[in-house]
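Inside the fold
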Protein chains: 2
Amino acid sequence: MTEKYVYLFGTSQSEGDKEMRNLLGGKGANLAEMAQLGLPVPAGFTITTEVCTYYYNHDQTYPSELKDQVERAIAEVEKTMDMRFGDAANPLLLSVRSGARVSMPGMMETVLNLGLNDEIVQGLIDQSGDPRFCYDVYRRFVQMYGDVVMGLRPEDEKEADPFEALLDAKKHARGVALDSELSAEDLRELVAEFKAEIAKRLDREFPEDPHEQLWNAIGAVFGSWQGQRAIRYREIEGIPHDWGTAVNVQSMVYGNMGDDCATGVAFTRNPSTGEKHLYGEFLINAQGEDVVAGTRTPEPLSELSGQMPQVYEQFQAICDQLEPHYRDMQDVEFTVQKGKLWMLQTRNGKRTGAAAVQIAVDMAAEGLISQEEALLRVTPDQLDQLLHPTFDDASPKDVIAEGLPASPGAATGQVVFNSAEAETQAAEGQQVILVRQETSPEDIGGMDAAQGILTARGGASSHAALVARGMGKCCVAGCESIAIDYHQELFTANGKTVKKGDWISIDGSSGQVMLGQVPTVEPSFSASFDTMMGWADDKRRLAVRTNADTPHDSEVARNFGAEGIGLCRTEHMFFESDRIVAVREMILAADEAGRRQALAKLKPIQRLDFEGIFTAMNGLPVTIRLLDPPLHEFLPHEPAQQEQMAEEMGVPLSQIEAKITSLHEFNPMLGHRGCRLGITYPEIYEMQVEAIFEAAVNVRAKGVNPLPEIMIPLVGTEREFSDLKAMVDRVAVAVGGTIEYLVGTMIEIPRAALLADQIAEQAEFFSFGTNDLTQLTFGYSRDDAGKFLPEYVAQGILADDPFQSLDQEGTGQLVRLGTERGRSARPQLKVGICGEHGGDPSSVGFCHEVGLDYVSCSPYRVPIARLAAAQAALAE
Amino acid sequence: MTEKYVYLFGTSQSEGDKEMRNLLGGKGANLAEMAQLGLPVPAGFTITTEVCTYYYNHDQTYPSELKDQVERAIAEVEKTMDMRFGDAANPLLLSVRSGARVSMPGMMETVLNLGLNDEIVQGLIDQSGDPRFCYDVYRRFVQMYGDVVMGLRPEDEKEADPFEALLDAKKHARGVALDSELSAEDLRELVAEFKAEIAKRLDREFPEDPHEQLWNAIGAVFGSWQGQRAIRYREIEGIPHDWGTAVNVQSMVYGNMGDDCATGVAFTRNPSTGEKHLYGEFLINAQGEDVVAGTRTPEPLSELSGQMPQVYEQFQAICDQLEPHYRDMQDVEFTVQKGKLWMLQTRNGKRTGAAAVQIAVDMAAEGLISQEEALLRVTPDQLDQLLHPTFDDASPKDVIAEGLPASPGAATGQVVFNSAEAETQAAEGQQVILVRQETSPEDIGGMDAAQGILTARGGASSHAALVARGMGKCCVAGCESIAIDYHQELFTANGKTVKKGDWISIDGSSGQVMLGQVPTVEPSFSASFDTMMGWADDKRRLAVRTNADTPHDSEVARNFGAEGIGLCRTEHMFFESDRIVAVREMILAADEAGRRQALAKLKPIQRLDFEGIFTAMNGLPVTIRLLDPPLHEFLPHEPAQQEQMAEEMGVPLSQIEAKITSLHEFNPMLGHRGCRLGITYPEIYEMQVEAIFEAAVNVRAKGVNPLPEIMIPLVGTEREFSDLKAMVDRVAVAVGGTIEYLVGTMIEIPRAALLADQIAEQAEFFSFGTNDLTQLTFGYSRDDAGKFLPEYVAQGILADDPFQSLDQEGTGQLVRLGTERGRSARPQLKVGICGEHGGDPSSVGFCHEVGLDYVSCSPYRVPIARLAAAQAALAE
């Protein structure tokens, strides 16, 4: 039996269906399916993806059977359409399009109107009686074929497209502005000029033989599968290179042959809101590309019912049939040629997060899908859109740079380069974006005042990123392609210069930096959102906590469904302006007594912080991590600020400089921080633990139920933990009375995971700090990895950025091993994760699989983690 | 049966022997052993270490049986010595000394001449007829007892010792300068004044009852086991706190009762050279402390034969008996009282490295010990002494600071603060020590010119340390207690100021920094050394390679017995002055073409380097690590140097500044380095691999047999390795012809150890880079850990500095697991270690146990590794 490489659709029988996506590609499978349903689909055929694979495995040749199969298929199409390919008397024109398993929009080639030559166009004119239309079709074909198949393109960036140049010259010669003002004769001349240009520049003639045209076009589509753009797209989207593309060859239909013609696109439900009504637009006497190009304004689909009532009725009926058939909202394309409706495409429609939730919940209510399916229909990324302001998709964007998406959201404002100015201008009611090389504690005020923060350096766990996420403020960090000149108060990016006061927009979800004011859309939570979250909570096993450092964040997170705090970073409290002075006093102190004096000033403030958080989280566990960053982070970086500090504290500048020098570290990430501070300066942790227990006692007196879980960071040896736990227990007895509490540790040092059994002898809980654990497992500094990580992902050396999605193979081994060894020593050990990965859906899935008790993530990721946890449970 | 707490020695029978060290302490066991051998030991008894344990477990009380046992023991001693304790008519005086299982010199208390009071001293005078001697003994007793047992000490640092103050006052009053010029009457008065001072200041009377004196002294010795100094010493030396000390109570004998008296110390062989002859010194009419104090110059022991021929003969006979008995060189103390020889102590003698080797080899030749025992008799540290110049032990040292022992050796020179000056002065024939905050590539010339390098910052893998070790040059790094003022050209340490031109001495083996010129001793290699190394090579299973970057180092290492190069760091070649310009050109290049142009200049130089190394290592494997450090390390740090670079390269300063800014990293250790450079700038590694193969081809043409093993550093994923191996294989085909080679990787990233099976699919060898692996397993920056690591070791949180001795529990798990997983995928995988641990004896033992194929260490550690490997094999 010979292999079948060609599948017909829309002819007397259709040979494919929607289940054959792998073989026919998405487009081909759906065309066949629509034809099977009896819908009006222009006849055609699909050359399978297997031919593509064969083509690349056999030195770019085709299977020997292919030619015959294509010819027989053309004959079938001719029969159905009652036209003949290459026949001047009654010409059949074809489109040749790619069609992979998954949509790769714009990445591969298309040729339309194929099958024309000088003779056939004359036949077409005779048949249609519309020479201008016919020459326009012909002109478009030669241009597209010349570009796509023959490869006539500008030689360098400076040159204009050669075809467009000729077109412009023609319009100039005729003294007209629009293509549509050119006459049939003008277009005829252009065809000849196009062909002459091709012959001159490529030293090859434009092929007049329609079959030669067809095979060359098929070859061009297969060839585009390995085009640079397509390869890069697959790398980014994680599409295997060996899937290949199908080629769809289909009869052309035209929506631009007169006022009884039209073309349009539609969604079976509103893709922005999810509301259940037909949504779309159309143009009378136009081609599909006119709808896209925006040269004419399309009309809303509802208008079609007035203009073409029968067509509209038929179309509506088709949509009513398609959606239940596919059990999902459909995105369809159609053309009306001389009063006859043709369906050109159907596929599951893309939608906003809000629409995804609405549609899933509605469809479950309609009985179309189950609750479980509804939960699986919404991607966590779609949910993310709901939780932050977003840029209006419809607005144009002038992207000048791309950094790390450090804290989600959308922000627009005028550029300022220092925090003081940010505060002043914000106080005057202006919206500003704070642009800095990197931020430091002095910038807190400015960050708070700004709409968003853009930094040139630092990664997703840089000061800017962490603080911005804590504030729920949009931030793009590590945008290395911008060059800041503080002195001249400007930055440049991709050759563009942005001065102080210029408007920019930054997208903390994509990392994009745009010129001007891009309009934003505020988030809103529908009843459907609540319904869906309720379903998610029913299904999930993992608890979801939040990373929150303030009462405000705690409340936000609790409203988002957080079941406790998994990580309360106490150092952010140290950074705030009313306490940084005392912190610095402590650092400058000559001895323990001096440090204790400064710490005594801090304690009441910390106590108040904890009281607020305990109150906000009444009855829920609050994991408080003791001081983590190295002390030098609390000292000012720049000379002017150091001078100011010296003045404020009444000490000589040289003393401050000497302290900064003595605290300098080559690799602060690996330096004197975390419990290493707790061991060498026990008084710091003691103060913090006292503040925790005093706060717990105080709020309990007011009827609040505090559940502190004290977390020792950066433990690498059993003794670090047991020594500090002994201190906590001692303070608990002295201050905490009957307050119940747990003492546990971050597992963020590889050695701690390897020796988890020893540590769990004493530790009552583990929280995997997968940010640092990833840094150490890979030996990557998150703040510096921007120099090579994008390249690694692009080259496929790493499937994903391991800081965004947990590296399950490497870092995950340590999480699994740490959990197993920890529980081997203490079966009831509570285990969670509090890195950024706690809000990453695939990482949440991994945590579910490993058997963790909870994940903890930033407040705005809580619903995402709830959904991801439910999806993980459903996937089991 | 009652417990036995007291063991007699030197009486009618001796109850202990040398095997009872744990119970009787080293001193007590050996006193008993000598007595068992029939040697003249002043009678006495030992209170066991169990009493010490009991004492601390029972609230500082004694077992009830103890009092009786001590009293009976005193009676036995009285009988033997024919004197009575507390009897004025014929008084027995006692010494009370500590004696732990291992010697803790000076850490615990001693009381001599115990058993005197006003009445008994009179009896002693009547008996001896020498009132001055008797009052001197009495004076010394009251002073020592008042200090040690009663605790009369200066109240603060400013006050002088109260007893010494009275002594000085007395001398002043009598108008004399020396203690010995005071009369018996003066001393009698002093005793009274001492007692009055005690009563006044402590509000307690000096006890006149000898038994009360004895029990208090015993209590003071037990008490000193938990003294601060002793605890600290045990922590440093790793001696368990629960061992406890024994107390030795022994009859006093006197070497200062006239010219028929003497005291001395001796070694049975020369402790400096190992030569076989009695070696020691003595003083006529003196006490032991006079020998130590240096107030009188002792005579060589050989002189004793003329002055006391019979005593000398007896003493020599005793030594000839002791050494074969103990099967080791003995360190003995003796006293001659009125013509009678008394043996006070024997123990295995401390010796220099040279002596240790000589003695072990000689004793094996004499048939006293086996070859295996001889190998175990020399510690690797002793061997280390042989391999570098050392400071003369006999010279006084004024230590003003202590840093990290970064590169062993001893160096003396005049301080200079910049490299240019170091070069100038060295050219003028001066010896200089280069003192820098830290060093950078610009300092290479100065480092080479200097005798040694001292840095205030940076750890044992800092630039200074690595380069110095490569040069075999003495270096003390990270000496944080020195404060350098470049401007004034001075540094301060512990309140002392050292200016440019002042002489200092630095000890790269201990980290000590000393004022002035301390004389050094050059290393020398005896025939015995070669003999011992030959024995070691017969016994060991581990191969020993070296870390060497130059032909010179390679030769040195080969002469030390290296069996190949385990780590050749190519970046050190980049730093040298004739190539740094091309390296910088490459870094500044705008694109790949520019980089290739600069690399083309480097290639012939690298090729020459490799030719030299292959030639030096003819027939032995040479593991070459491709470029490892981040590129910014090759750019100058300081503005002046940046300006100079701009001038030399003819580019604007701003361009250099911009490049430095763009290459800046927060955590360079975790940054854009190692194979991450090889992936993002493939042309760099390509050039290096071409240079390797070209060099191999060239030297083979000259009859040399090159065995290159190309090592990809910092691999964390399988793809990094396989992509770069493909490049190496490609270049090998193009350039290397039939040269045989291996491609392997450093395992220094935890993830690589975890995924070693994947990596070993392609890798032909692993070399554990335990420096970086330790950094990442612990999350410690070696350059910064000086801020807390010493504290961690002091507190016992870590048993050892994990950068000096491999952390077998944590990092070692990854070494073991990486080896097992690697070999599971490739059973013939060659596995070695090339971190600093390759030269650390206990780490070498671990490598043997895990089954590695080789260790690699710096040239000067090669013999140590050979010995350690043999000792590990013998320990099996």
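Residues numbered from 1 in each chain as written. Chains lettered and ligands numbered in written order. Predicted model: local features only at pLDDT ≥ 70, side-chain atom pairs only at ≥ 80, totals over all residues. Heavy atoms only, no water.

Our focus in this paragraph is the overall build of chain A. From N to C terminus, chain A includes 35 helices and 31 strands. Oriented by its inertia axes, the alpha-carbon framework of chain A measures out at about 100 × 60 × 55 Å. Here chain A, with 876 residues, has 58% of them falling under the buried criterion. At a minimum sequence separation of 6, the contacts of chain A that also span at least 24 residues come to 67%. In chain A, which carries 76 positive and 131 negative side-chain charges, the distance between the mean positions of the two groups comes to 3 Å. (Helix = DSSP H or I, 4+ residues; strand = E, 2+ residues; numbered from the N terminus. Buried < 20%, exposed > 50% of the residue type's maximum accessible area, 1.4 Å probe, protein only. Contact = heavy atoms within 4.5 Å. Lys, Arg positive; Asp, Glu negative; His and termini not counted. Charge placed at Lys NZ, Arg CZ, Asp CG, Glu CD.)

What follows concerns the side chain of Thr48(A). Looking at the secondary structure, you find Thr48(A) in the loop between strand 2 (44–47) and helix 2 (49–57). Those residues in contact with Thr48(A) that lie beyond four places of it in its chain are Lys4(A), Tyr5(A), Tyr7(A), Leu23(A), Leu24(A), Phe222(A), Thr245(A) and Ala246(A).

A few words on the packing of helix 19 (residues 527–539) of chain A against helix 35 (residues 862–875) of chain A. Residues and elements named next belong to chain A. Where helix 19 contacts helix 35, the axes come no closer than 8 Å and their chain directions differ by 50°. As the angle between them shows, helix 19 and helix 35 are arranged oblique. Between helix 19 and helix 35 lies a crossing of left-handed hand. On helix 35, the residues touching Phe529, Met533, Ala536, Asp537 and Lys539 of helix 19 are Pro863, Arg866, Leu867, Ala870, Ala873 and Leu874. (Axes fitted to C-alpha atoms, helices over the stretch in contact; angles between N-to-C directions. Parallel < 35°, antiparallel > 145°, perpendicular 65-115°, else oblique. Left-handed = near helix turned anticlockwise from the far one by under 90°.)

What follows concerns the pairing of strand 22 (residues 512–515) of chain A. Residues and elements named next belong to chain A. Sheet topology places strand 12 (residues 398–402) next to strand 22; four bridges connect them, and they run antiparallel. Paired with Asp398 across the strands is Leu515, a residue of strand 22. Pairing of strand 21 (residues 503–507) with strand 22, which is carried by three bridges, proceeds in the antiparallel orientation. Bridged to Ile504 within strand 22 is Leu515. Counted along the chain from strand 21 to the antiparallel partner strand 22, the turn is four residues long, and its residue Gly511 has a positive phi close to 85°. (Pairing = 2+ DSSP bridges.)

This part takes up the packing of helix 13 (residues 353–365) of chain B against helix 19 (residues 527–539) of chain B. Residues and elements named next belong to chain B. Where helix 13 contacts helix 19, the axes come no closer than 9 Å and their chain directions differ by 70°. In terms of orientation, helix 13 lies roughly perpendicular with respect to helix 19. Remark: the crossing between helix 13 and helix 19 carries left-handed chirality. Along the contact surface, helix 13 presents Val357, Gln358, Ala360, Val361 and Ala364, while helix 19 presents Ser528, Phe529, Thr531, Met532 and Trp535.

This part is about the interface of chain A and chain B. Facing the 52 residues of chain A at the interface are 52 residues of chain B. Counting each side, the surface lost to burial between chain A and chain B is near 4,800 Å², with a carbon and sulfur contribution of 56%. The interface formed by chain A and chain B holds four salt bridges in total. Here Arg751(A) and Asp807(B) are joined by a salt bridge, their closest N and O atoms 2.7 Å apart. Counting across the chain A and chain B interface gives 35 residue pairs in polar contact (both at pLDDT 80 or more). Taken together, the elements giving at least two residues each to the side of chain A that touches chain B come down to helix 25 (653–663), helix 26 (675–680), helix 28 (718–736), helix 29 (750–754), helix 31 (770–778), helix 32 (789–794) and helix 33 (811–825) of chain A. (Buried area = accessible area lost by both parts, 1.4 Å probe. Salt bridge = Lys/Arg side-chain N within 4 Å of Asp/Glu carboxyl O. Polar contact = N/O pair within 3.5 Å; in protein donor to acceptor, adjacent residues only side chain to side chain.)

Attention now goes to the pattern of salt bridges. Applying the stated rule across the entire model yields 121 salt bridges over all chains. For Arg140(A), the salt bridge goes to Asp136(A), with nearest N and O atoms at 3.1 Å. With a gap of four residues between them, Arg140(A) and Asp136(A) both fall in helix 5 (residues 131–148), about one helical turn apart. Looking at Asp136(A), the relative accessible area reads 10%, which means it is buried. A salt bridge links Glu208(B) to Lys195(B); its shortest N-O distance comes to 2.7 Å. In this pair, Glu208(B) is assigned in the loop between helix 7 (184–202) and helix 8 (210–225) and Lys195(B) in helix 7, connecting sequence segments 13 residues apart. Look at Lys195(B) and you get buried, because its relative accessible area is 12%. One connected set of salt bridges, linked through shared partners, spans Lys170(A), Arg174(A), Asp186(A), Glu189(A) and Glu193(A).

Further remarks concern the nonpolar core. Ranked by size, the top nonpolar core spans 292 residues in total, and within it Ile712(A) and Ile712(B) carry the most contacts. Setting aside residues no more than four positions away along its own chain, Ile712(A) makes contact with Leu626(A), Cys675(A), Tyr685(A), Phe721(A), Leu724(A), Val728(A), Val743(A), Gly744(A), Thr745(A) and Met746(A). (Core = buried A, V, L, I, M, F, W, Y, C linked by side-chain atoms within 4.5 Å.)

The subject of this paragraph is helix 8 of chain B. With 16 residues, helix 8 of chain B ought to run about 22 Å at 1.5 Å a step, and its terminal C-alpha atoms sit 23 Å apart, in line with that. Within helix 8 of chain B, 12 of the 16 residues are buried, which leaves the element mostly enclosed by the surrounding structure. (Expected span 1.5 Å × (residues − 1).)

On to the relation of the copies chain A and chain B, then. Note on the copies: chain A fits chain B at an RMSD of 0.2 Å, the axial shift is 0.1 Å, and the rotation between them is 180°. Taken together, the rotation and translation describe the operation of a two-fold axis. The position closest to the rotation axis in chain A is occupied by the C-alpha of Asn667(A), lying 2.1 Å away. (Least-squares fit on C-alpha atoms with pLDDT ≥ 70 in both.)

Residue and element names in this part refer to chain A. A cluster of acidic side chains, namely Glu643, Glu647, Glu648 and Glu657, defines a negative patch on the protein surface. For the negative patch, the leading source of residues is helix 24 (residues 639–649), giving three residues. With respect to the helices and strands, Glu657 occurs in helix 25. For Glu657, a relative accessible area of 37% corresponds to the partly exposed category. (Patch = residues over 30% accessible without salt bridge, like charges linked within 9 Å, V, L, I, M, F, W, Y side chains within 5 Å. Areas by Shrake-Rupley, 256 points an atom, 1.4 Å probe, with all protein chains shown as cover.)

With that settled, consider unusual backbone geometry. One non-glycine residue, Asp82(A), lies in the positive phi region at around 60°. By relative accessible area, Asp82(A) is classed as exposed at 60%. Its identity is not glycine, yet Leu714(B) carries a phi of approximately 65°, on the positive side. Position of Leu714(B) relative to the elements: it lies in the loop between strand 27 (707–712) and helix 28 (718–736). Under the relative-accessibility criterion, Leu714(B) is labelled buried at 2%.

So, about the pairing of strand 20 (residues 496–499) of chain A. Regular strands show a simple pattern: their side chains alternate between the two faces of the sheet. Pairing of strand 19 (residues 490–493) of chain A with strand 20 of chain A, which is carried by four bridges, proceeds in the antiparallel orientation. In the sheet register, Ala493(A) faces strand 20 of chain A, and the bridge partner there is Lys496(A).

Okay, the sheet that holds strand 8 (residues 299–300) of chain A next. Residues and elements named next belong to chain A. Read across the sheet, five strands follow the order 8-7-6-9-10 without closing on themselves; strand pairing throughout is antiparallel. This sheet does not close on itself; its edge strands, each paired only once, are strand 8 and strand 10 (340–348). Against the sheet, helix 12 (residues 309–326) engages strand 6 (262–267), strand 9 (330–337) and strand 10, with an angle of about 25° to strand 10.

The next point concerns the sheet that holds strand 19 (residues 490–493) of chain B. Hydrogen bonds along the backbone pair up the strands of a sheet, which may run parallel or antiparallel. All names here are of chain B. Across the sheet, three strands lie side by side as 18-19-20; this open sheet has antiparallel pairing. Looking at which strands have only one partner, the edges of the open sheet turn out to be strand 18 (482–485) and strand 20 (496–499). Each strand axis lies, on average, 20° off the axis of its neighbour in the sheet, ignoring direction. Pairing analysis gives four bridges linking strand 18 to strand 19, with the strands arranged antiparallel.

Of all nine residues making up helix 31 of chain A, nine are buried, and the element is well covered by its neighbours. Buried within helix 31 of chain A we find Thr770(A), Asn771(A), Asp772(A), Leu773(A), Thr774(A), Gln775(A), Leu776(A), Thr777(A) and Phe778(A).

Let's shift gears to the side chain of Gln358(B). As for its position among the elements, Gln358(B) is in helix 13. There is a polar contact of 3.0 Å between the side chain of Gln358(B) and the side chain of Ser528(B).

Our focus in this paragraph is the packing of aromatic side chains. Per the stated rule, a full pass over the model turns up 41 aromatic pairs over all chains. Seen in terms of ring centroids, Phe133(B) and Tyr254(B) are 5.3 Å apart; in terms of plane orientation they differ by 90°. Their pairing is edge-to-face. Of this pair, Phe133(B) sits in helix 5 (residues 131–148) while Tyr254(B) sits in the loop between strand 5 (245–251) and strand 6 (262–267), and the two are 121 residues apart along the sequence. Taken individually, Phe133(B) and Tyr254(B) each receive the classification buried, so the pair is uniform in this respect. Through a chain of ring-to-ring contacts, three or more aromatic side chains come together here, namely Tyr55(A), Tyr56(A), Tyr62(A), Trp215(A) and Phe222(A). Cation over ring: Lys340(A) sits above Trp342(A), and NZ or CZ is 4.3 Å from the ring centre. The side chain of Arg545(B) reaches across the aromatic face of Tyr854(B), ending 4.0 Å from its centre. (Phe/Tyr/Trp six-rings, centres within 6.5 Å; stacked < 30°, edge-to-face > 60°. Lys NZ or Arg CZ within 6 Å of the ring centre and 35° of its normal.)

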